[in-house]
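# Chains, contacts and geometry: an overview
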Amino acid sequence: MKKESRKVIIAGNWKMNMTPSAAKTAVARTAELTAGKDGCEVVLCVPFVDIIPAVEAARGTNVKIGAQNVHFEEKGAFTGEISADMLLETGAEYVIVGHSERRQYFGETDETVNKRTRAALSAGLKVILCLGEVLGERQSGITEEIVSMQTKLDLAGIPAEQMKTVVIAYEPVWAIGTGLTATPDQAEEVCALIRKVVADLYCDEIAEALTIQYGGSMNDGNAAELLSKIDVDGGLIGGASLVPEKFAKIVDAAQA
Ligand code: PEP
């Protein structure tokens, strides 16, 4: 399969920003600015309380709404957590799993990332699975080992047919929210590696069809070059997704 036949996805991760009323306005503005830009799928992953107003504001537009986390149990005594079924009923289509901030601040491990991914996929959500090396790992020359291991552990036990609704976001942790971006060649090298690991785990067809995003200080100035790389099929965007005008320019860069 050629890169052109893979689905390009530009997804925003709002993190802990935007109240529900601000979310409504920002989704509506993003939808307005990205209307008719059908060269990629446009997704905004918003805080839990923003999902319902965001889904409402996105209705009838090309913007899809996602969450930023999901619990792996169906229900029960897990105070503060949200299940996959709950998310699905709000109208959320996507969920980010394994973001480095969850790994760093909330004790996520590859084991819990895998459990969350499996629960979300089984419920019918599409998963944006985040992985990537920290600065020390890159400096020690073990990026390949770390990313391969994360890919294998995070996808463990996921059946081949569910891979159709998995997106992998390669996010070098040192590039997230820092203004430091991986060079297009660094992004390509690791996205190609992830595709190879997925081919070994499943098959070439699944690996070739998989959308692999780059995330880490992507902006309207660097998006086009990153997205031109053969194995980079989109972006996961934090800071720049909070400003609809900036985010829309990244969507524009993905139209080629
Ligand atoms: C992210 O939150 O996934 C991210 C890539 O953030 P930023 O674009 O701000 O680096």
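Right above here is the structure, for reference.
The text that follows walks through the structure, step by step, so that each part is easy to find. (Residues numbered from 1 in each chain as written. Predicted model: local features only at pLDDT ≥ 70, side-chain atom pairs only at ≥ 80, totals over all residues. Heavy atoms only, no water.)

On to the overall build of the protein, then. Scanning the protein from N- to C-terminus turns up 11 helices and eight strands. Whereas a compact globule of 256 residues would reach a radius of gyration of roughly 18 Å, the protein reaches 17 Å, a difference of no more than 12%. Projected onto its principal axes, the C-alpha coordinates of the protein cover approximately 45 × 45 × 35 Å. Evaluated residue by residue, the protein yields a buried proportion of 52% over its 256 residues. For the protein, the proportion of contacts with a sequence separation of at least 24, taken over those separated by at least 6, is 73%. Here the protein holds 25 positive side-chain charges and 36 negative ones, and the gap between their average locations is 3 Å. (Helix = DSSP H or I, 4+ residues; strand = E, 2+ residues; numbered from the N terminus. Rg over C-alpha atoms; globule rule 2.2 N^0.38 Å. Buried < 20%, exposed > 50% of the residue type's maximum accessible area, 1.4 Å probe, protein only. Contact = heavy atoms within 4.5 Å. Lys, Arg positive; Asp, Glu negative; His and termini not counted. Charge placed at Lys NZ, Arg CZ, Asp CG, Glu CD.)

Let's shift gears to the pairing of strand β8 (residues 234-237). Burial along β8 is two-sided: Gly234 and Leu236 facing one way and Gly235 and Ile237 facing the other are all buried. Bridging between strand β1 (residues 9-13) and β8 involves four bridges; their strand directions are parallel. Bridge pairing in β8 places isoleucine 10 opposite glycine 235. (Pairing = 2+ DSSP bridges.)

Here we come to the layout of surface pockets. Roughly 440 Å³ of volume is contained in the largest pocket. Of the residues contributing to the lining of the largest pocket, the split by class is eight nonpolar, five polar and four charged. Taken as a whole, the second largest pocket holds about 330 Å³ of empty space. Surrounding the second largest pocket, 17 residues form its lining, Met163, Lys164, Thr165, Ala209 and Leu210 being those nearest its centre. Those elements that provide at least two residues to the lining of the second largest pocket are β6 (166-170) and α9 (204-209). If you tally residues by element for the lining of the second largest pocket, the top one is α9, at three residues. The residue inventory of the lining of the second largest pocket, partitioned by class, reads 10 nonpolar, two polar and five charged. When residues are assigned to domains, the lining of the second largest pocket turns out to be shared by domain 1 (1-91) and domain 2 (132-212), each giving three or more. (1 Å grid on protein atoms, 1.4 Å probe; cavity = no way out; pocket = protein on both sides within 12 Å on 5 of 7 lines; lining within 4 Å. Points joined across faces, edges and corners; volume = space filled by probe spheres on them. Nonpolar A, V, L, I, M, F, W, Y, C, P; charged D, E, K, R; others polar. Domains from an automatic or database assignment.)

So, on to the packing of helix α1 (residues 20-34) against helix α2 (residues 51-58). The N-to-C vectors of α1 and α2 enclose an angle of 25°; their axes lie 8 Å apart at closest approach. On the basis of the axis angle, α1 is roughly parallel to α2. At the point where α1 passes α2, the crossing takes the right-handed sense. On the side of α1, the interface is formed by Pro20, Lys24, Val27 and Ala28, while α2 contributes Pro53, Ala54, Ala57 and Ala58. A class-by-class count of the residues in the contact of α1 with α2 yields seven nonpolar, no polar and one charged. (Axes fitted to C-alpha atoms, helices over the stretch in contact; angles between N-to-C directions. Parallel < 35°, antiparallel > 145°, perpendicular 65-115°, else oblique. Left-handed = near helix turned anticlockwise from the far one by under 90°.)

What follows concerns the site of the ligand. Around the ligand there are 14 residues in total, and Lys15, Glu171, Gly177, Ser217 and Gly238 lie nearest to it. Between an oxygen atom of the ligand and a side-chain N or O atom of glutamate 171, the distance comes to 2.7 Å. (Near = heavy atom within 4 Å. Polar contact = N/O pair within 3.5 Å; in protein donor to acceptor, adjacent residues only side chain to side chain.)

Geometric values such as these leave the question of function open.
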